[in-house]
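Each chain, letter by letter, is given below.
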Amino acid sequence: MFTHDIYLSPFTWRYGSPEMRRLWSEIHRRRLWRRVWIALARAQMAAGRVRPEQLADLEAHAEAIDLARAEQIEAEIGHDLMAELLTFAEQAPLGGPVLHLGATSADIEDNADALRLREALDLIRGRLRQVLETLAGAIERWAETPCMGWTHLQPAEPTTVGYRLALYGQDLLMDWEELARCREMIRGKGFKGAVGTGASYQALLRGTPMTPSEMEAQAMAELGLEAFPVAGQIYPRKQDWRVLSALAGLGLSLYKMAFDLRLLQAPPFGEWSEPFGPRQVGSSAMPFKRNPVLAERINALARYLGALPQIAWETAAHSLLERTLDDSAVRRIVLPEAFLTADEILRLALRILRGLNVHEEGLRRNLERYAPFAALEPILMAAARAGADRQALHARLRDHAMAAWAAVQAGLPNPLPDRLRTDPEITRWVPPEDLEELLRVEAHIGDAPARARAMAQRIREAIAG
């Protein structure tokens with residue numbers, strides 16, 4: 001139907017998984033519409049308004065999507081759902097006359113949309129489970145591997161690779177919980193008619209023992225979906241905003257992780273790098289380049305994902321009175337693209353984590369260059385406990401630190417450890433063996449390894465539930 005001779009969205013073929021594309025396909029959308037029509041007909045059969053053989057006819061043709069015929073009808077009438085309804089009715093001549101009894105378009109579309117949102121959230125959570133499981137393993141693997149910590153993009157104190165990864169894991173665990181909450185709270189419109197009062201169903205069911213709310217409950221039970229207790233013509237569009245906000249939150253977490261990797265892959269850091277294939281090309285002009293293209297793509301796509309909740313906010317806020325139709329066109333774009341974007345960045349993150357390179361030499365180089373400065377305060381405290389003049393010793397340590405910093409800035413090895421070892425005013429108060437212990441990197445990582453492992457365990461427990 002479509003070729004590369006015309007514009008195609010990158011989401012049509014480049015970004016997102018085949019599974020997510022199929023879920024947001026027009027074929028799947030129409031299958032869901034038919035599923036909703038059949039659920040409604042089954043509930044109305046219980047009221048005596050649909051005969052069993054009519055329902056059986058509809059069920060027999062539920063999968064017979066004929067998009068070409070529906071498009072032919074739509075070209076004449078200008079209404080996609082009505083075109084599908086007429087196509088379905090043509091295919092099922094016995095059941096066709098009782099399709100859509102009492103319904104308005106949104107009774108079908110919005111329940112189908114809710115089902116599709118739920119399916120899409122399940123797929124996203126499945127991908128996130130893979131990311132979290134892989135991340136938990138990486139946290140445990142590098143829980144005790146020291147590295148330099150940075151604040152304000154300046155060297156601060158040592159931490160561990162696993163503990164830094166645990167920061168990302170904690171963020172993604174919050175996303176896991178928020179996406180689960182969102183999934184649990186998905187509601188359909190139900191079957192309430194043109195302005196949500198159920199008046200058309202009341203007229204249809206007059207003379208039967210079934211009430212409109214009972215019919216709605218039975219049809220929604222058939223769909224396995226709860227309904228909003230009240231609605232206008234559509235379900236509250238705030239639901240879309242809530243879902244897109246949860247996806248944007250996931251994008252935020254992965255954006256930070258990817259941006260950090262880009263920094264750490266830069267040669268001045270040289271500590272991490274994303275996987276790079278044996279025949280991968282980093283640049284068309286510079287053959288030596290190993291650009292962090294996966295992380296950069298995450299940042300590009302997550303930036304787009306983060307902007308979509310604002311569109312959903314405006315759509316919900318501008319849904320005037322019982323409904324205006326200016327939500328329709330934009331929802332056709334933002335809902336599938338939000339999920340396809342989230343799907344793609346999760347797939348990219350999984351590729352990165354499964355092939356993440358941690359460069360021991362880069363870690364060691366940065367620790368040798370900057371970690372000794374972290375020993376100064378513990379040395380000061382140890383000397384003060386031994387009776388040293390805290391202010392005088394602080395000034396002396398500062399002199400050493402400034403001289404050492406100047407050497408590091410000039411590209412020389414950090415001379416601070418040797419300056420401290422050979423200063424009698426330091427060794428007078430801090431014995432050499434204590435000084436050596438305080439200069440060890442491992443003395444300055446606190447309980448980071450234990451905290452990292454605990455976070456990995458929390459992740460495993462959460463995704464196992």
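From a predicted model like this one, the values you see are computed outputs, not experimental measurements.

Rules used in this analysis
Residues numbered from 1 in each chain as written. Predicted model: local features only at pLDDT ≥ 70, side-chain atom pairs only at ≥ 80, totals over all residues. Heavy atoms only, no water. Helix = DSSP H or I, 4+ residues; strand = E, 2+ residues; numbered from the N terminus. Rg over C-alpha atoms; globule rule 2.2 N^0.38 Å. Buried < 20%, exposed > 50% of the residue type's maximum accessible area, 1.4 Å probe, protein only. Areas by Shrake-Rupley, 256 points an atom, 1.4 Å probe, with all protein chains shown as cover. Phe/Tyr/Trp six-rings, centres within 6.5 Å; stacked < 30°, edge-to-face > 60°. Lys NZ or Arg CZ within 6 Å of the ring centre and 35° of its normal. 1 Å grid on protein atoms, 1.4 Å probe; cavity = no way out; pocket = protein on both sides within 12 Å on 5 of 7 lines; lining within 4 Å. Points joined across faces, edges and corners; volume = space filled by probe spheres on them. Nonpolar A, V, L, I, M, F, W, Y, C, P; charged D, E, K, R; others polar. Salt bridge = Lys/Arg side-chain N within 4 Å of Asp/Glu carboxyl O. Contact = heavy atoms within 4.5 Å. Axes fitted to C-alpha atoms, helices over the stretch in contact; angles between N-to-C directions. Parallel < 35°, antiparallel > 145°, perpendicular 65-115°, else oblique. Left-handed = near helix turned anticlockwise from the far one by under 90°.

**Points about the overall build of the chain**
Inference 1: Helices and strands together make up the secondary structure of the chain, namely 20 helices and 4 strands.
Inference 2: Against the compact-globule benchmark of 23 Å for 465 residues, the chain has a radius of gyration of 31 Å, which places it well outside the compact range.
Inference 3: Along the first, second and third principal axes, the C-alpha atoms of the chain reach 100 × 50 × 35 Å.
Inference 4: Here the chain, with 465 residues, has 49% of them falling under the buried criterion.
Inference 5: Split by element, the accessible area of the chain, about 22,200 Å² in all, is 54% carbon and sulfur.

**Points about the packing of aromatic side chains**
Inference 1: Under the counting rule described, the total for this entry stands at 11 aromatic pairs.
Inference 2: Plain terms: the ring middles of tyrosine 168 and tryptophan 272 are 6.5 Å apart, the flat faces sit at 85° to each other, and that makes the pair edge-to-face. Residue tyrosine 168 is found in helix α8 (residues 161–184), and its partner tryptophan 272 is found in strand β3 (residues 272–273); the two are separated by 104 residues along the sequence. In this pair, the class of tyrosine 168 matches that of tryptophan 272, namely buried.
Inference 3: Taken together through their ring pairs, the aromatic side chains of Trp150, Phe269, Tyr370, Phe373 and Trp405 make up a single cluster.
Inference 4: Positioned above the aromatic ring of tryptophan 176, the side-chain terminus of arginine 125 is 3.9 Å from the ring centre.

**Quick notes on the layout of surface pockets**
A probe as big as a water molecule, rolled over the atoms, marks out the empty space that is left.
Inference 1: Roughly 1,400 Å³ of volume is contained in the largest pocket.
Inference 2: Surrounding the largest pocket, 41 residues form its lining, Trp24, Glu26, Arg29, Arg332 and Pro336 being those nearest its centre.
Inference 3: Elements that contribute at least two residues to the lining of the largest pocket include exactly α1 (10–13), α2 (18–23), α3 (26–46), α5 (67–77), α7 (105–141) and α13 (328–354).
Inference 4: Take the lining of the largest pocket: its biggest share by element is 8 residues, from α13.
Inference 5: In the lining of the largest pocket, the residues fall into 15 nonpolar, 8 polar and 18 charged.
Inference 6: Roughly 370 Å³ of internal volume is contained in the second largest pocket.
Inference 7: Every residue lining the second largest pocket is counted, 18 residues in all, and those nearest its centre are Gly149, Trp150, Thr151, Arg164 and Asp260.

**Some details on the pattern of salt bridges**
When the charged atoms of two side chains with opposite charge come close together, those side chains can pair.
Inference 1: For the structure on display, the rule yields 37 salt bridges.
Inference 2: A salt bridge links arginine 29 to aspartate 80; its shortest N-O distance comes to 3.3 Å. Linking arginine 29 in helix α3 with aspartate 80 in helix α6 (residues 80–91), this pair joins segments that are 51 residues apart in sequence.
Inference 3: By relative accessible area, which is 9% here, aspartate 80 ends up buried.
Inference 4: Ionic pairing is found between glutamate 178 and arginine 181, a salt bridge with its closest N-O pair at 2.6 Å. Here the residue glutamate 178 and the residue arginine 181 both occupy positions in helix α8, the gap between them amounting to 3 residues, near one helical turn.
Inference 5: Among the residues examined, glutamate 178 registers a relative accessible area of 27% and is labelled partly exposed.
Inference 6: When its relative accessible area of 36% is taken as the criterion, arginine 181 is described as partly exposed.
Inference 7: It is possible to trace a salt-bridge network through shared partners that takes in Glu26, Arg29, Arg30, Arg34, Asp80, Glu84 and Arg332.

**A closer look at the environment of alanine 452**
Inference 1: Here alanine 452 shows up in helix α20 (residues 448–464).
Inference 2: With a relative accessible area of 0%, alanine 452 lands in the buried category.
Inference 3: Spatially, the C-alpha atoms of alanine 452 and arginine 125 are 23 Å apart, while their sequence positions differ by 327 residues.
Inference 4: Setting aside its immediate chain neighbours within four residues, alanine 452 contacts Ile139, Ala143, Gly162, Tyr163 and Ala166.

**Focus: the packing of α5 against α6**
Packed helices, taken two at a time, are described by the angle their axes make and the gap between the axes.
Inference 1: Contact geometry of α5 with α6 gives a least axis separation of 8 Å together with a crossing angle of 130°. Comparing their axes, α6 and α5 come out oblique. In this structure, the crossing between α5 and α6 has a hand that is right-handed. For the pair formed by α5 and α6, the contact residues are Arg69, Ala70, Ile73, Glu74 and Ile77 on the first element and Asp80, Met82, Ala83, Glu84, Leu86, Thr87 and Glu90 on the second.
Inference 2: Looking at the contact of α5 with α6 residue by residue, the classes come out as 6 nonpolar, 1 polar and 5 charged.

**Observations concerning unusual backbone geometry**
Across the chain, the bulk of peptide bonds are trans and the bulk of non-glycine residues have phi less than zero.
Inference 1: For histidine 100, which is not a glycine, the phi torsion comes out positive at approximately 70°.
Inference 2: Following the sequence through the fold, histidine 100 ends up in the loop between α6 and α7.
Inference 3: Here the phi dihedral of histidine 152 falls at roughly 60°; this positive angle occurs in a residue that is not glycine.
Inference 4: Take histidine 152: it is sitting in the loop between β1 (146–151) and β2 (154–160).
Inference 5: On the accessibility criterion, histidine 152 (76% relative accessible area) is exposed.

**Considering the packing of α7 against α20**
Inference 1: Two elements in contact, α7 and α20, have axes whose closest approach is 9 Å; the angle formed by their N-to-C orientations is 155°. With respect to their mutual orientation, α7 and α20 come out roughly antiparallel. Both α7 and α20 take part in a crossing whose hand is left-handed. Where α7 abuts α20, its residues Arg129, Leu132, Glu133, Ala136, Gly137, Ile139 and Glu140 lie against Ala452, Arg453, Ala456, Ile459, Arg460 and Ile463.

Keep in mind these numbers describe shape, not what the thing actually does.
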